[in-house]
Amino acid sequence: HANAVTRIVTHINIHKCTHTHTHDYTLLRTHLLIKAGPKPAPVTPGGKPKKATTFQEFESITSDAWEVGDDDDDELLAMAAHNLNIEVVMETANKVRRPRNPPPRANGGRTLREGTEEETASTETSLGPHGDSRLVKSHSEAPIGSPRDEAAERGPLHRQRSLPPRPPLIPMVARIADQNTSGSPVMTEREASRLDKFRQLLAGPHTDLEELRKLSWSGIPRQVRPITWKLLSGYLPANADRRECVLQRKRQEYFGFIQQYYDSRNDEHHQDTYRQIRIDIPRMNPERLVMQPQVTEIFERILFIWAIRHPASGYVQGINDLVTPFFVVYVFEYIEEEVENFDVSSLREESLRNIEADSFWCMSRLLDGIQDNYTFAQPGIQRKVKALEELVSRIDDSVHLHMQQYEVEYLQFAFRWMNNLLMRELPLRCTIRLWDTYQAEPEGFSQFHLYVCASFLVLWRKEILEERDFQGLMILLQNLPTMHWGNEEVSVLLAEAYRLKFAFADAPNHYKR
């Protein structure tokens, strides 16, 4: 049910291979933007895509947003291989990959790094003056080739908007300024002060949840995030004396569900659900974490038990993504190192059981507030996408009219934003920071998320207005360049979303035309 549009943009400049001095500038670019793409929309006699007037029509022309490596992909690749001269392609590819001594750069003689996939990725992690990880743009982002080559690259359908590399080189939870997230960097005075405030608030016999929400709105330090999330989600009581008893009872209750229901996963009535869960989990991020066998089994159990206990919706694609932030945060309760490089099997079995049960209950709490997003025909998402369209039409008429001009329907890109809570648009580190605020905000996941999506769309105003066709707009909206994002960008996004909420939340008719 996820939203996207299948676009295959193949742009191969091989003719330069005939010139000896242009080998280094040969471009072999094949943008196979198959991941997260729906099927092409029906075309009207005038040659324009036909609008999907109902959700059912839209659903019928879309495909799964996560079907990477499926049969359709193989067929397309086979067609491409059949139609190309493989010898020429391979010869050109080898020339492009061939190690060479790059010319010195103007800034102090630093050279362009090329040759390996890691070196040509869009980001690097460098060590800052305090020994902590800082993100800097890779030198490989510098333009390559002659001015004529660069001009050709600026064509509307050939801009470099390839999908982020997987696995990413940036730590999943790095570059969050308010948190001691990656290794043990030196904390600033402000960060230490905020951490002390959290610890003092949590140390009392009865936690003031309202004060905790105010403190959490601008981000939660990693050291206290697990217990803070459990309190803000309602999983743990504010009374400190009751917490251990509640944790034991809820964890036992979850594993009671496992004993009661999990053996039925291969029964006729449940096998389709279990099969879909097993298909979807390998498509999740971060791949290196999710594909560890013990993590895969934990996710399968969590999702299957939730589906069995919620027959009104059952399992729907998109719900699987919502487990990841909880799981990662609760793993941090037991480790100090970066989670993407951590072998989960090294944890004690009791710790893994606790992480699994806590993730299940907190995900369930979240979904209780947005379950109409996942019931039949997903009416909650349809209402929110319509509200997003109305809101954007009032706050930025130019963007709204530009989308209308090129017949881009909000459902075609914003469905995924609502279905996955922007998890497919942002790095995981940003999602975790975003959820700090969602859990601190009243009805954060169900209501505040609308204003975050509106501010997120308008944030790309310049790039949107530069696109002059349907295909270019869809490619942009489905692959927004957020790979470098961190705490600062999320804070700006949230501040703008709060401004919109303050202006429109209590006057819904104000954004209706």
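Remember, predicted model here, so these are calculated numbers, not experimental data.

## Section: the overall build of the protein chain
When you go through the protein chain residue by residue, the secondary structure sums to 21 helices and four strands. Here the protein chain holds 513 residues, and the buried ones make up 50% of them. For the protein chain, the proportion of contacts with a sequence separation of at least 24, taken over those separated by at least 6, is 73%. Working note: accessible area of the protein chain is about 24900 Å², and carbon and sulfur atoms make up 51% of it.

## A word on a negative patch on the surface
Together, Asp263, Asp267, Glu268 and Asp272 line one region of the surface with negative charge. On the secondary structure map, Asp263 appears in the loop between helix H8 (240–261) and helix H9 (271–280). You can call Asp263 exposed: its relative accessible area is 63%.

## Quick look at helix H21 (residues 487–504)
Counting along an α-helix, one turn takes 3.6 residues, and residues three or four places apart therefore face a common direction. Taking 1.5 Å per residue, 18 residues should reach 26 Å; H21 reaches 26 Å between its end C-alpha atoms and fits that length. Asn487, Val490, Leu493, Leu494, Ala497, Leu500 and Phe504 are the residues of H21 that are buried. When H21 is viewed along its axis, its buried side chains cluster within an angular range of 150° and face the same direction. Exposed positions of H21 whose direction lies more than 90 degrees from the buried face are Val492 and Phe502. Summarising the contacts, the buried residues of H21 are in contact with helix H14 (379–395), helix H17 (428–440) and helix H18 (444–459).

## Some words on the environment of Glu356
Positionally, Glu356 belongs in helix H13 (residues 349–368). Considered as a pair, Glu356 and Tyr330 are 26 residues apart in the sequence and their alpha carbons are 8.7 Å apart. Not counting chain neighbours up to four residues away, the residues in contact with Glu356 comprise Tyr254, Phe255, Ile258, Ile298, Arg301 and Ile302. Only 2.6 Å separates the side chain of Glu356 from the side chain of Tyr254, close enough to count as a polar contact.

## Quick look at the pattern of salt bridges
In the structure shown here, the tally under the stated rule is 17 salt bridges. Here Arg225 and Asp436 are joined by a salt bridge, their closest N and O atoms 2.9 Å apart. One end of the pair, Arg225, is in helix H7 (residues 225–232); the other, Asp436, is in helix H17, and 211 residues separate them in sequence. Put simply, Glu300 and Arg278 hold a salt bridge, and the shortest N to O gap is 3.5 Å. Of the two residues, Glu300 is situated in helix H11 (residues 293–309) and Arg278 in helix H9; the sequence distance between them amounts to 22 residues. Arg278 sits in the partly exposed class, given a relative accessible area of 48%.

## Thoughts on the packing of helix H6 (residues 209–216) against H7
Packed helices, taken two at a time, are described by the angle their axes make and the gap between the axes. In contact at an axis separation of 11 Å, H6 and H7 are set at 125° when each is read in the N-to-C sense. Taken together, the axis directions place H6 and H7 in an arrangement best described as oblique. By crossing handedness, the relation of H6 to H7 is classed as left-handed. Residue-level inspection shows Leu209, Leu212, Arg213 and Ser216 of H6 in contact with H7, the latter providing Thr228, Leu231 and Leu232. Considered class by class, the residues forming the contact of H6 with H7 number four nonpolar, two polar and one charged.

## Section: the environment of Lys250
Summarising the element assignment, Lys250 is placed in helix H8. With a relative accessible area of 15%, Lys250 lands in the buried category.

## Quick word on the nonpolar core
Counting 113 residues, the largest nonpolar core has Met363, Phe413 and Trp435 as its most contacted members. If sequence neighbours within four positions are ignored, Met363 has contacts with Ile302, Leu303, Trp306, Ile319, Leu322, Val323 and Phe326.

## Notes on the packing of H8 against H11
Contact geometry for H8 and H11: axes closest at 10 Å, N-to-C directions at 80°. Relative to H11, the element H8 lies roughly perpendicular. Contacts between H8 and H11 involve Tyr254, Phe257, Ile258 and Tyr261 on the former and, on the latter, Arg301, Ile302, Phe304, Ile305, Ile308 and Arg309. Looking at the contact of H8 with H11 residue by residue, the class counts come to eight nonpolar, no polar and two charged.

## Thoughts on H13
Compared with an ideal rise of 1.5 Å per residue, which puts 20 residues at 28 Å, H13 spans 29 Å between its outermost C-alpha atoms and is within 8% of the ideal. Taking burial as the measure, the 20 residues of H13 include 15 buried ones, the bulk of the element.

## Re the packing of aromatic side chains
Enumeration over the complete set of coordinates arrives at 24 aromatic pairs. Measuring from centroid to centroid gives 6.0 Å for Tyr274 and Phe304, while their planes differ by 85°, and the two rings are edge-to-face. Here the residue Tyr274 occupies a position in helix H9, and Phe304 occupies one in helix H11, the gap between them amounting to 30 residues. Plain terms: the ring middles of Phe299 and Phe327 are 5.3 Å apart, the flat faces sit at 80° to each other, and that makes the pair edge-to-face. Note that Phe299 is positioned in helix H11 and Phe327 in helix H12 (residues 323–331), a separation of 28 residues in sequence. Given the relative accessible area of 0%, Phe299 is considered buried.

## Regarding unusual backbone geometry
Cis rather than trans, the peptide bond between Asn285 and Pro286 has omega equal to -5°. In this fold, Pro286 is placed in the loop between H9 and helix H10 (287–290). The backbone phi angle of Leu421 is positive, close to 55°, even though this residue is not glycine. Mapped onto the elements of the fold, Leu421 is located in the loop between helix H16 (410–419) and H17. The backbone of Leu422 sits at a positive phi, close to 65°, despite the residue not being glycine.

## Some thoughts on the confidence of the model for the protein chain
This prediction gives the protein chain a mean pLDDT of 76; 63% of its residues lie at or above 70. Overall, residues 96–170 carries pLDDT values under 50, and its contacts beyond four positions in sequence, including any with other chains, amount to 124 contacts. Scored below 50 in pLDDT, residues 174–184 makes 39 contacts in the model with residues more than four places away or belonging to other chains.

## Some thoughts on the environment of Pro237
Within the secondary structure layout, Pro237 lies in the loop between H7 and H8. The exposure class assigned to Pro237 is buried, which follows from its relative accessible area of 12%. Note: C-alpha distance between Pro237 and Thr207 (30 residues apart in sequence) is 8.7 Å.

Quick notes on the rules
Residues numbered from 1 in each chain as written. Predicted model: local features only at pLDDT ≥ 70, side-chain atom pairs only at ≥ 80, totals over all residues. Heavy atoms only, no water. Helix = DSSP H or I, 4+ residues; strand = E, 2+ residues; numbered from the N terminus. Buried < 20%, exposed > 50% of the residue type's maximum accessible area, 1.4 Å probe, protein only. Contact = heavy atoms within 4.5 Å. Areas by Shrake-Rupley, 256 points an atom, 1.4 Å probe, with all protein chains shown as cover. Patch = residues over 30% accessible without salt bridge, like charges linked within 9 Å, V, L, I, M, F, W, Y side chains within 5 Å. Salt bridge = Lys/Arg side-chain N within 4 Å of Asp/Glu carboxyl O. Lys, Arg positive; Asp, Glu negative; His and termini not counted. Charge placed at Lys NZ, Arg CZ, Asp CG, Glu CD. Expected span 1.5 Å × (residues − 1). Arc of directions from axis to C-beta. Polar contact = N/O pair within 3.5 Å; in protein donor to acceptor, adjacent residues only side chain to side chain. Axes fitted to C-alpha atoms, helices over the stretch in contact; angles between N-to-C directions. Parallel < 35°, antiparallel > 145°, perpendicular 65-115°, else oblique. Left-handed = near helix turned anticlockwise from the far one by under 90°. Nonpolar A, V, L, I, M, F, W, Y, C, P; charged D, E, K, R; others polar. Core = buried A, V, L, I, M, F, W, Y, C linked by side-chain atoms within 4.5 Å. Phe/Tyr/Trp six-rings, centres within 6.5 Å; stacked < 30°, edge-to-face > 60°. pLDDT = per-residue confidence, 0-100.

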